[in-house]
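# Breakdown of the fold
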Amino acid sequence: MERVSIRLANAGDLAAMARVHLASVRVLCSGHYGREEIERWTTVDPGLYARLLRSATVYVAARSGVVVGFAALSVARREIRAVYVDPAAAGGGVGGRLLTRLERLARALGVRELHLAATLNAVAFYERHGWALDEAHPALANHRCVPMYKRLAGVGRVRKRAVR
């Protein structure tokens, strides 16, 4: 199987992001959400992905040139806005690599703590990556999600150079 590459998303990725998002919700969330809830969740404003690209830093994961996942970080809001993986690529480390990329970027920009609203099926994934339940921040209003947070280690540390 070809290796997955991660790069910044661009306007040419919007249709692929929509495809991944909708497939991910419909397939991976189906065991945790009812049909009507998933239908509401996947009735998406066509401009959603373009707005996400303008308001956040978005990465896509691609295999053989095909987008198999995407993730978005809003530094201003200190929030992971999205981590979605195509169901065919789920469980292969794509989501973890995207999440790590966002955390590394946030850390480099001086963000000390991140927040997100995890779908019910993704809570264990985030916990494996060091995230914890966050009782202080409300979940998304349009579907049942679990608020989570992570304190980022190493933010603001300055390495001292050795004197020779």
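Residues numbered from 1 in each chain as written. Predicted model: local features only at pLDDT ≥ 70, side-chain atom pairs only at ≥ 80, totals over all residues. Heavy atoms only, no water.

Position of His115 among the secondary structure elements: in strand E5 (residues 113-119). What makes His115 buried here is its relative accessible area of 8%. Within the structure, His115 has its side chain in polar contact with the side chain of Glu113 (distance 3.1 Å). Within polar-contact distance, the side chain of His115 engages the side chain of Asp134 at 2.7 Å. (Helix = DSSP H or I, 4+ residues; strand = E, 2+ residues; numbered from the N terminus. Buried < 20%, exposed > 50% of the residue type's maximum accessible area, 1.4 Å probe, protein only. Polar contact = N/O pair within 3.5 Å; in protein donor to acceptor, adjacent residues only side chain to side chain.)

Turning our attention to the nonpolar core. Counting residues in hydrophobic clusters, the biggest one holds 29 residues, and the most contacted among them are Ile80, Val94, Leu114, Tyr126, Trp131 and Met148. No other element matches the six residues that helix H4 (residues 94-108) contributes to this core. One finds Ile38, Leu52, Val67 and Ala82 within the second-largest nonpolar core, a separate group that totals 22 residues. (Core = buried A, V, L, I, M, F, W, Y, C linked by side-chain atoms within 4.5 Å.)

Attention shifts here to the environment of Leu152. Relative to the elements of secondary structure, Leu152 occurs in the segment after strand E7 (145-151). Note on Leu152: relative accessible area 7%, which makes it buried. Residues Leu152 and Val111 lie 41 residues apart in sequence; the distance between their C-alpha atoms is 7.4 Å. Excluding residues that lie within four positions of it along the chain, Leu152 makes contacts with Glu103, Ala106, Arg107, Val111, Arg112 and Leu114. (Contact = heavy atoms within 4.5 Å.)

On to the pattern of salt bridges. Throughout the structure, instances matching the rule amount to nine salt bridges. The partner of Glu36 in a salt bridge is Arg35, with the nearest N and O atoms 3.4 Å apart. For Arg35, a relative accessible area of 68% gives the class exposed. In this structure, Arg144 and Glu37 form a salt bridge, with 3.1 Å as the shortest nitrogen-oxygen distance. With a gap of 107 residues between them, Arg144 in the loop between strand E6 (132-133) and E7 and Glu37 in helix H2 (residues 35-41) connect regions that are remote in the sequence. Of the residues examined, Glu37 reaches a relative accessible area of 11% and is grouped as buried. Look at the salt bridges and you will find they share partners, linking Arg77, Glu79 and Arg81 into a network. (Salt bridge = Lys/Arg side-chain N within 4 Å of Asp/Glu carboxyl O.)

Let's shift gears to the packing of aromatic side chains. Enumeration over the complete set of coordinates arrives at four aromatic pairs. Each ring, one from Tyr33 and one from Trp41, has its centre 5.3 Å from the other, and the planes form 70°; the classification is edge-to-face. Each member of the pair, Tyr33 together with Trp41, is buried. Consider the rings of Phe125 and Tyr126, whose centres lie 4.9 Å apart with planes at 70°: the pair is edge-to-face. (Phe/Tyr/Trp six-rings, centres within 6.5 Å; stacked < 30°, edge-to-face > 60°.)

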